[in-house]
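Below, each chain spelled out in residue letters.
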Amino acid sequence: MSELNLPQLGARPNVREQIAQALRASLVAGEMRPGVVYSAPALAERFGVSPTPVREAMLDLVKEGLVSVVRNKGFRVTELSDRDLDDITEIRALIEVPTVGRVAASPAGVEKLRPLAEAIVDAAERRDILAYIEADQTFHLELLALAGNAQLVDVVKELRHRSRLYGVPKLAERGELLPSAREHLDLLDVVARGDAEGAEALMRHHLRHVRGIWAGPAKTMGD
């Protein structure tokens, strides 16, 4: 079994959902690799919990298509091709770019997201990959939610869970994740001042990282 950097869970309620969120972040970051089988008891030991909530969380991921059940062994991470990932990113851009523009056209409530943007920068400074990915997702989904379309947010959330950002850990190790992290503060500033065109341009640039530097050194996404 490959090495994982999973967090110890706190005493907050809904341990199952905490585990599911941590596992999704591990999948996105590439700490859980395609084709590898992971057992619930082994993951439970790493989380410091019993196997039951881990197994329940993994079954949630099965429903999302992120892993599949391997009988009597555990769960195998679903493989995604480069074409799959390109298609996912294209759909995200079609949804997120104009939606951020709409939010900028009526930016009430955006300042409440500043602590989330700052949390992304803090995670990058600490080189905490899972915290970075979780904070990044929360920020972007909350930003999109300001457009008032809950179904749209759910679609983007599902697409983000299927993204793969294998280059992020190496960027963090080299201390090169901070510029990307600070883009969230820049995006917030542009949206807050009502610059819809500027917000769309910055969101488009930001999404290029998904299949560019965040994807790993072998993959780039064209303009």
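Keep in mind it's a predicted model, so treat the numbers as computed, not measured. (Residues numbered from 1 in each chain as written. Predicted model: local features only at pLDDT ≥ 70, side-chain atom pairs only at ≥ 80, totals over all residues. Heavy atoms only, no water.)

A. Local environment of helix H9 (residues 178-192). Look at H9: 22 Å from first C-alpha to last across 15 residues, which is about the 21 Å you get at 1.5 Å a residue. For H9, the secondary structure elements touched by its buried residues are helix H4 (82-105), helix H5 (114-126), helix H6 (129-145) and helix H10 (196-208). Just downstream of H9, glycine 194 is the residue with a positive phi angle, here 80 degrees. (Helix = DSSP H or I, 4+ residues; strand = E, 2+ residues; numbered from the N terminus. Expected span 1.5 Å × (residues − 1). Contact = heavy atoms within 4.5 Å.)

B. Representation of the environment of alanine 181 within the structure. Among the structural elements, alanine 181 can be located in helix H9. Classification of alanine 181 as buried rests on a relative accessible area of 0%. For the pair alanine 181 and isoleucine 120, spaced 61 residues apart in sequence, the C-alpha separation works out to 5.8 Å. Setting aside residues up to four positions removed in sequence, alanine 181 forms contacts with Ile120, Val121, Ala124 and Tyr132. (Buried < 20%, exposed > 50% of the residue type's maximum accessible area, 1.4 Å probe, protein only.)

C. Seen up close, the pairing of strand E3 (residues 74-77). Of the pairings in the sheet, the one linking strand E1 (residues 37-38) to E3 comprises two bridges and is antiparallel in character. Each bridged residue has a counterpart across the sheet, and for tyrosine 38 the counterpart in E3 is phenylalanine 75. Note that strand E2 (residues 67-70) and E3 share four bridges and pair antiparallel. Paired with serine 68 across the strands is arginine 76, a residue of E3. Linking E2 to E3, which pair antiparallel, is a turn of three residues; within it asparagine 72 sits at a positive phi near 65 degrees. (Pairing = 2+ DSSP bridges.)

D. Molecular detail of the packing of H6 against helix H7 (residues 150-161). Contact pair H6 / H7: the axes reach a minimum separation of 9 Å and the direction vectors enclose 160 degrees. Between H6 and H7, the angle is such that the two are roughly antiparallel. Handedness of the H6/H7 crossing: right-handed. Of the residues in H7, those touching H6 at Asp136, Gln137, His140, Leu141, Leu144 and Ala145 are Leu152, Val153, Val156, Lys157, Arg160 and His161. Here the residues of the contact of H6 with H7 sort into six nonpolar, three polar and three charged. (Axes fitted to C-alpha atoms, helices over the stretch in contact; angles between N-to-C directions. Parallel < 35°, antiparallel > 145°, perpendicular 65-115°, else oblique. Left-handed = near helix turned anticlockwise from the far one by under 90°. Nonpolar A, V, L, I, M, F, W, Y, C, P; charged D, E, K, R; others polar.)

E. Representation of the nonpolar core in the model. In terms of nonpolar packing, the biggest core is built from 45 residues, with Val100, Tyr132, Phe139, Leu143, Leu187 and Val191 touching the most fellow members. Contributing elements (two or more residues each) for this core: helix H1 (15-29), H4, H5, H6, H7, helix H8 (168-173), H9 and H10. Among the nonpolar cores identified, the runner-up in size contains 19 residues, and Ala44, Phe47, Val67 and Val77 belong to it. (Core = buried A, V, L, I, M, F, W, Y, C linked by side-chain atoms within 4.5 Å.)

F. How the structure looks around the pattern of salt bridges. Inspection of every chain in the model, using the stated rule, returns eleven salt bridges. Arginine 126 serves as the salt-bridge partner of aspartate 122, at 2.9 Å between the closest nitrogen and oxygen. One end of the pair is aspartate 122 and the other is arginine 126, both in helix H5 and four residues apart, which spans about a single turn. Under the relative-accessibility criterion, aspartate 122 is labelled partly exposed at 35%. Residue classification places arginine 126 among the partly exposed residues on the basis of a relative accessible area of 46%. Aspartate 128 is the partner of arginine 126 in a salt bridge, and the nearest nitrogen-oxygen pair spans 3.2 Å. Overlapping salt bridges bring together Glu17, Arg24 and Glu64 as one network. (Salt bridge = Lys/Arg side-chain N within 4 Å of Asp/Glu carboxyl O.)

G. Main features of the layout of surface pockets. Size it by volume and the largest pocket reaches roughly 340 Å³. What lines the largest pocket is a set of 22 residues, among which Ile133, Glu134, Gln137, Thr138 and His161 lie closest to the centre. It is H6 that contributes the most residues to the lining of the largest pocket, seven residues altogether. Looking at side-chain class alone, the lining of the largest pocket contains eight nonpolar, seven polar and seven charged residues. (1 Å grid on protein atoms, 1.4 Å probe; cavity = no way out; pocket = protein on both sides within 12 Å on 5 of 7 lines; lining within 4 Å. Points joined across faces, edges and corners; volume = space filled by probe spheres on them.)

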